[in-house]
Amino acid sequence: NLHPQAQKELVFSLLDEVNQSDSQVIFATHSTVMVDQLDHTDILLVRKTADNNRSFKSEIFQLRRDFWSHYNLQRMQYDKFHKFRNSEFFFANHVLVTESPIDSEVFSVLLNSKGIVLEREGISILELGGITSLKYAFYLLRDLKLPKTIIVDKDFFFEYQNGRKDNSRYGSGFFNYSNTYRNEDLISEIITGLQKRTILEGLLTSNHSRALDITIEYDVVCMKYNMEMDLVASTVAQTLICDYLNIPANERNTHNLLVNNEKAIKKLDLLNHVISNLPHRNLPNSYKRLIRRIREL
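The numbering scheme is per chain: residues are counted from 1 as the chain's sequence reads. Given that this is a predicted model, residues contribute local features only at a pLDDT of at least 70 and side-chain atom pairs are listed and counted only at 80 or more, while totals for whole chains, interfaces and linings are drawn from all residues. Hydrogens and waters are ignored; side-chain quantities use all the structure's heavy atoms.

A. Representation of the overall build of the chain. The numbering of helices and of strands both runs from the N terminus, where a helix is a DSSP run of H or I of at least 4 residues and a strand a run of E of at least 2. For the chain, the count of helices and strands is 14 helices and 8 strands. With the principal axes as the frame, the chain shows a C-alpha extent of 75 × 45 × 45 Å. With a 1.4 Å probe rolled over the protein chains alone, any residue whose accessible area is under 20% of its type maximum counts as buried; one over 50% counts as exposed, and the rest are partly exposed. Looking at the 297 residues of the chain, the share that counts as buried comes to 45%. Put simply, the chain shows about 16000 Å² of open surface, and 45% of that area lies on carbon and sulfur atoms. Charge counting follows a simple rule: Lys and Arg are positive, Asp and Glu are negative, and His as well as the terminal groups are ignored. Charge placement uses NZ in Lys and CZ in Arg. For Asp and Glu, CG and CD serve respectively. Put simply, the chain has 36 plus and 37 minus side-chain charges, and the middle of one group is 5 Å from the middle of the other. For the area figures, the Shrake-Rupley method with a 1.4 Å probe applies, and any residue is considered shielded solely by the protein chains shown.

B. Looking closely at the packing of helix α11 (residues 235-245) against helix α13 (residues 268-277). Between α11 and α13, the least distance of the axes is 10 Å, while the angle of their chain directions is 135 degrees. The orientation of α11 with respect to α13, classified from their angle, is oblique. At the point where α11 passes α13, the crossing takes the right-handed sense. On the side of α11, the interface is formed by Ala-237, Leu-240, Ile-241, Tyr-244 and Leu-245, while α13 contributes Asp-269, Leu-270, His-273, Val-274 and Asn-277. Fitting a line to C-alpha atoms yields each axis, with helices limited to the stretch in contact; the angle taken between N-to-C directions then spans 0 to 180 degrees. Should an angle fall under 35 degrees it is taken as roughly parallel, and over 145 as roughly antiparallel, whereas 65 to 115 is taken as roughly perpendicular and any remaining angle as oblique. In this scheme the crossing of two helices becomes right-handed for a clockwise turn of the near helix relative to the far one and left-handed for an anticlockwise turn of less than a right angle. In this analysis, two residues are considered to be in contact whenever any of their non-hydrogen atoms come within 4.5 Å of each other.

C. Representation of a nonpolar patch on the surface within the structure. Only residues above 30% relative accessible area that lack a salt bridge enter a patch, with like-charged residues linked at up to 9 Å and the nonpolar side chains Val, Leu, Ile, Met, Phe, Trp and Tyr linked at up to 5 Å. Think of a salt bridge as a Lys or Arg side-chain nitrogen and an Asp or Glu carboxyl oxygen that are within 4 Å of each other. Together, Val-18, Val-25 and Phe-27 give the surface a local cluster of nonpolar side chains, amounting to about 190 Å² of exposed area. In this fold, Val-18 is placed in helix α1 (residues 4-20).

D. Examining helix α9 (residues 208-215) more closely. Every buried residue belonging to α9 is among His-208, Ala-211, Leu-212, Ile-214 and Thr-215, and all of these are buried. For α9, the arc enclosing every buried residue in end-on projection is 155 degrees, short of the 170-degree limit, so these residues lie on one face. Arc definition: it is the arc formed by the directions from the helix axis to the C-beta atoms.

E. Structural context of the environment of Arg-197. Mapping Arg-197 onto the fold places it in helix α8 (residues 194-206). Note: C-alpha distance between Arg-197 and Cys-222 (25 residues apart in sequence) is 14 Å. Residue contacts for Arg-197: discarding those within four places in its chain leaves Tyr-181, Ile-187, Ser-188, Ile-191 and Thr-192.

F. Geometry of the sheet that holds strand β4 (residues 123-127). Pairing between strands requires that DSSP locate at least two bridges from one strand to the other. Taken in spatial order, the 4 strands of this open sheet run β4-β3-β5-β8, and their pairing is parallel. Single-partner strands in this sheet number two, and they are β4 and β8 (220-222). Within the sheet, the average angular offset between the axes of one strand and its neighbour, ignoring direction, is 20 degrees. Bridge count between strand β3 (residues 94-98) and strand β5 (residues 148-152): 3 bridges; the pairing is parallel. Paired with Val-95 across the bridge in β5 is Lys-148.

G. Up close: the packing of aromatic side chains. Within 6.5 Å between ring centres, the rings of Phe, Tyr and Trp (the latter by its six-membered ring) count as paired, and their orientation is classed by plane angle as stacked under 30 degrees, edge-to-face over 60, tilted in between. Evaluated as defined, the whole model comprises 16 aromatic pairs. Here Tyr-78 and Tyr-136 contribute two aromatic rings whose centre-to-centre distance is 5.9 Å and whose plane-to-plane angle is 75 degrees, an arrangement assigned as edge-to-face. Residue Tyr-78 is located in helix α4 (residues 75-83), and its partner Tyr-136 is located in helix α6 (residues 134-143); the two are separated by 58 residues in the primary sequence. Residue classification places Tyr-78 among the buried positions, given a relative accessible area of 1%.

H. Spotlight on the nonpolar core. The criterion is simple. A nonpolar core is a set of buried Ala, Val, Leu, Ile, Met, Phe, Trp, Tyr and Cys residues joined through side-chain atoms within 4.5 Å. The biggest cluster of nonpolar side chains holds 89 residues, and the ones touching the most others in it are Leu-134, Phe-157 and Tyr-287. At 7 residues, α6 tops the list of elements feeding residues into this core. Ignoring anything within four residues of it in the chain, the contact list for Phe-157 reads Val-152, Thr-180, Tyr-181, Arg-182, Ile-187, Ile-191, Leu-200, Leu-204 and Cys-222.

I. Highlighting the side chain of Lys-148. With respect to the helices, strands and loops of the structure, Lys-148 is situated in strand β5. The class of Lys-148 is buried, set by a relative accessible area of 9%. With residues near it in sequence (within four places) discarded, Lys-148 still touches His-94, Val-95, Phe-138, Leu-141, Asp-219 and Arg-293.

J. Layout of the pairing of β5. Of all 5 residues making up β5, 5 are buried, and the element is well covered by its neighbours. Alternating positions in β5 separate into two faces, Lys-148, Ile-150 and Val-152 on one and Thr-149 and Ile-151 on the other, with burial throughout. By the bridge criterion, 3 bridges tie β5 to β8 in an arrangement that is parallel. Within the sheet, the bridge partner assigned to Ile-151 lies in β8 and is Val-221.

Now the structure itself:
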């Protein structure tokens, strides 16, 4: 019940005590303010897990001391990634990992429209601020055994066909990707089975719905393209977008939306408008799969 600043001062006074003596300090807290001041390797996470002899047992998880070097992580970049985030995900029942703040807001609105209020369900959103930060979140959540769902765009798995987005579009405006995995070690860390990984490589370019059956086994929902492009692929969503942007009838096509209105279709107010008015049957498969995943938790 301490004032947040007093909580910070308390933590630093305890750290001073440890650093200036042979003392060891152990304390329990549910305060994200206090957790935010600590090195993640100094945190022991106590979680209830199912037990055959009784309803549950308590297990303790802690990051290994060589966490940074073991996973070849840059300590400074890891700290930079986490310092501006609230550590509430340590206390969550489930963590939803998204690539950007816009993604976080849209998926929150999507789930809320289906009667799923994340806060009521103990679900915390961890926003990456870019896919390059996924490795920091992935290893942390995996090693602490925190239940998670990671939402990624297709370019996590594949390079654009011609190297750059602008040069890798079909006539329709949708992205054209390579059909082999990008050189990303994290893919094999996430999709651990070689056989499943090989099957998934083919399905992601040929049958996205079946590909989602595999990715969900590994706590991943992959967009067919990305959040806004998946919406544009829905005819009903296209109409909602065009009406919102007042696009003339002769310019209502996917190429115009994806190329000439690329920035406009990424705006939060437009996306939330579409999500709030799009019937469930017209949602992209990726969106439906996310809803089903969260409902099944």
